[in-house]
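Observations on chain architecture
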Amino acid sequence: ITTGFHLHFNKAGIHDSYVTPVPDPRLNLRRHFTLAEPLDETAATITVLENPRNSTVDKGRRLLRFGDELIEYTTYTTEPPYRFLGCTRGARGTTVAAHPAGLIGGLMDVDNWPIFVRFNQNTDIQHEVAVTLGRIYHDAGFRFVYFDGSEDTPPPYWFTLADAQWQVYRELQPEPAFTEASNLGHFDWHFVSRATAEDASMPEQVKSLVRQRRIPEIEELQRNFTRDNFGWVRFRPPGEHTIGLQPDMIEFVASRGAGWGCALSIKGSLEEYAANPRLADDLEVIRRWEDARISGWLTPAQQQELKNPNQEHTLLVDEHGRYELVPCRQIAVADGLANRVRAFLFERRGRVWVSYWDARGASRLALGIPVSALRLFRDLGRPLPLSADGGSTVLPAAERRFLEISGRTAEQVADAFARAKILEPESNEAHRP
């Protein structure tokens, strides 16, 4: 494992010493305003010469600077006399002061995520910060860097975005093994390895984000000699509002990324990892796909197949320990109760197969197919015992297993799973990771 450095490199935290108690003059102003009247220490209204029209009204971003004082406003007028109203003086721990008419100040360039203030890239503040970041990188032994918030530079973006990154990059010794950025600009392809990861906050969003954002974007990135990051995939456990990250979700991300020759990233806390009952299956999916991608196992034809956003695949380890790629599709379980047991159907060697698991822990599945037509595996080639219940079979449902069905069509198998019944196990404790 190699550690890296996640940077917000082109802006200062709102409580940083660059901002308070004396704001650095090299912080960027989005707009400039000139005081039309003197401003004493008690004034809550600021009269300016310029029209404030289109100034931000976002909470946390309504921040003016005059001299060394920051002032928060509530609203403004767009007809003469132009005024900022409902002002709070000495904001962010700065000192209230009187300011003369004619003093030029302005609207602070507070980030869309209003915990940062952006740098003026026409000054030396970016270089100053770059030197500090380079020293931290070297002394801590970091070996890769993520340029987060790369888009948070003032215009002209084609220059300032890449220039800010470059000022930091050239201070990094030894040279990073790879770099990543939240956005790309002109010249970035020289030193940014991959870019534009998507932060999927809920597992249910993962597949749609890949289809709607990652795949269209990778085509543009590859024209600029850069790879995409098919993450970040959050390892949320099942809960009241989510089914949690499931093997098919991480497999879709990993397989589409492999089609384009791109890696993925995961994120989460140790508590989140431990609380996900399918953690071992999720990690095994990642292991298989990253190994197949890095080792060059995938053929050009398979890579092209994996670029299809509308077809899911699963990567099997066959009876001889070799990888096997098969297309699959999700089927309904127990009248569509996919919030408990998830199942994916594929065909292999002339027979229908289903991979399935319990998303939330452990249960049993009463399937209307006799035991004689079924073989169950955790690892292919090593059959597991099955229990009969009249003409049905009781399947254990916990970690991901594979069911081989003989004498049935894909439609018949899908119908049997849709009619199945989910049974609670005697105890979930034995199935905890």
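Nothing here was measured: the structure is a model prediction, and the numbers come from that model.

Calculation criteria
Residues numbered from 1 in each chain as written. Predicted model: local features only at pLDDT ≥ 70, side-chain atom pairs only at ≥ 80, totals over all residues. Heavy atoms only, no water. Pairing = 2+ DSSP bridges. Helix = DSSP H or I, 4+ residues; strand = E, 2+ residues; numbered from the N terminus. Core = buried A, V, L, I, M, F, W, Y, C linked by side-chain atoms within 4.5 Å. Buried < 20%, exposed > 50% of the residue type's maximum accessible area, 1.4 Å probe, protein only. Contact = heavy atoms within 4.5 Å. Axes fitted to C-alpha atoms, helices over the stretch in contact; angles between N-to-C directions. Parallel < 35°, antiparallel > 145°, perpendicular 65-115°, else oblique. Nonpolar A, V, L, I, M, F, W, Y, C, P; charged D, E, K, R; others polar. Phe/Tyr/Trp six-rings, centres within 6.5 Å; stacked < 30°, edge-to-face > 60°. Lys NZ or Arg CZ within 6 Å of the ring centre and 35° of its normal. Polar contact = N/O pair within 3.5 Å; in protein donor to acceptor, adjacent residues only side chain to side chain. pLDDT = per-residue confidence, 0-100.

**Quick word on the sheet that holds strand E7 (residues 75-76)**
Taken together, three strands build an open sheet; the order of strands is E4-E8-E7 and the sheet is antiparallel. Looking at which strands have only one partner, the edges of the open sheet turn out to be strand E4 (46-48) and E7. Bridge analysis of E4 against strand E8 (residues 82-85) gives three bridges, and the strand direction is antiparallel. Across the sheet, the residue bridging to Thr47 is Arg83, located in E8.

**Things to note about the nonpolar core**
Counting residues in hydrophobic clusters, the biggest one holds 32 residues, and the most contacted among them are Phe230, Ile250, Val253, Leu264 and Trp289. Elements with a minimum of two residues in this core: helix H3 (206-223), helix H4 (247-259), helix H6 (279-295) and strand E18 (323-331). Ranked by residue count, the leading element in this core is H4, at six residues. Residues in contact with Trp289, not counting those within four places in the same chain, are Glu251, Ala254, Ser255, Ala258, Leu298, Leu306, Thr314, Leu315 and Leu325. Formed by 30 residues, the second largest nonpolar core is a distinct cluster that contains Leu63, Leu70, Phe119 and Ala130.

**Section: the packing of H4 against H6**
Between H4 and H6, the shortest axis-to-axis distance is 9 Å and the interhelical angle comes to 10 degrees. Comparing their axes, H6 and H4 come out roughly parallel. Of the residues in H6, those touching H4 at Pro247, Ile250, Glu251, Ala254, Ser255 and Ala258 are Asp281, Asp282, Val285, Ile286, Trp289 and Arg293. Its residues assigned to classes, the contact of H4 with H6 comprises seven nonpolar, one polar and four charged.

**Observations concerning the packing of aromatic side chains**
Working definition: an aromatic ring pair is given by the centre-to-centre distance plus the angle between the planes. With the rule as written, the count across this model stands at 23 aromatic pairs. When the centroid spacing of 6.0 Å and the interplanar angle of 70 degrees are considered together, the rings of Tyr76 and Phe84 count as edge-to-face. You can call Phe84 buried: its relative accessible area is 0%. Arranged with centres 5.6 Å apart and planes meeting at 75 degrees, the rings of Trp113 and Phe116 form a pair that is edge-to-face. Exposure remark for Phe116: the relative accessible area of 10% places this residue in the buried category. Cluster of aromatic residues (ring-pair linked, three or more members): Phe33, Tyr73, Tyr76 and Phe84. A cation over a ring is seen here: Lys11 above Phe116, with NZ or CZ 4.6 Å from the ring centre. In this structure, Arg348 packs its charged tip against the face of Trp353, placed 5.1 Å from the ring centre.

**So, the side chain of Lys11**
Within the secondary structure, Lys11 is located in strand E2 (residues 11-13). Classification of Lys11 by relative accessible area gives buried; the value is 5%. A polar atom in the side chain of Lys11 sits 3.4 Å from the side chain of Asp111. At a separation of 2.4 Å, a polar atom in the side chain of Lys11 contacts the side chain of Asp152. Discounting chain neighbours no more than four positions away, the residues touching Lys11 are Asp111, Phe116, Val117, Arg118, Phe119, Gly149 and Asp152.

**Examining the sheet that holds strand E1 (residues 5-8)**
The sheet built from five strands is open, its strands ordered E1-E11-E12-E13-E14 with parallel pairing. The open sheet has two edge strands with one neighbour each: E1 and strand E14 (227-228). Where strand E13 (residues 194-195) lies against E14, two bridges are found, and the strand directions are parallel. When the sheet's bridge partners are listed, Ala195 is paired in E14 with Asp228. Sheet strands in contact with helix H1 (residues 125-140) are E1 and strand E11 (144-148), and its direction is about 170 degrees off that of E1.

**Digging into the confidence of the model for the protein chain**
Per-residue confidence for the protein chain averages 93 on the pLDDT scale, and 97% of its residues sit at or above 70. With pLDDT under 50 throughout, residues 427-433 is counted as low confidence; its partners more than four residues away or in other chains account for eight contacts.

**Some words on the pairing of strand E20 (residues 351-358)**
When you tally the buried positions in E20, you get seven out of eight residues, the bulk of the element. A loop of two residues connects strand E19 (residues 341-348) with E20, the two strands running antiparallel in sequence, and Arg349 in this loop sits at a positive phi of about 55 degrees. Note: E20 against strand E26 (residues 401-405), five bridges, orientation antiparallel. Note that in E26 the partner of Val354 across the bridge is Leu403.

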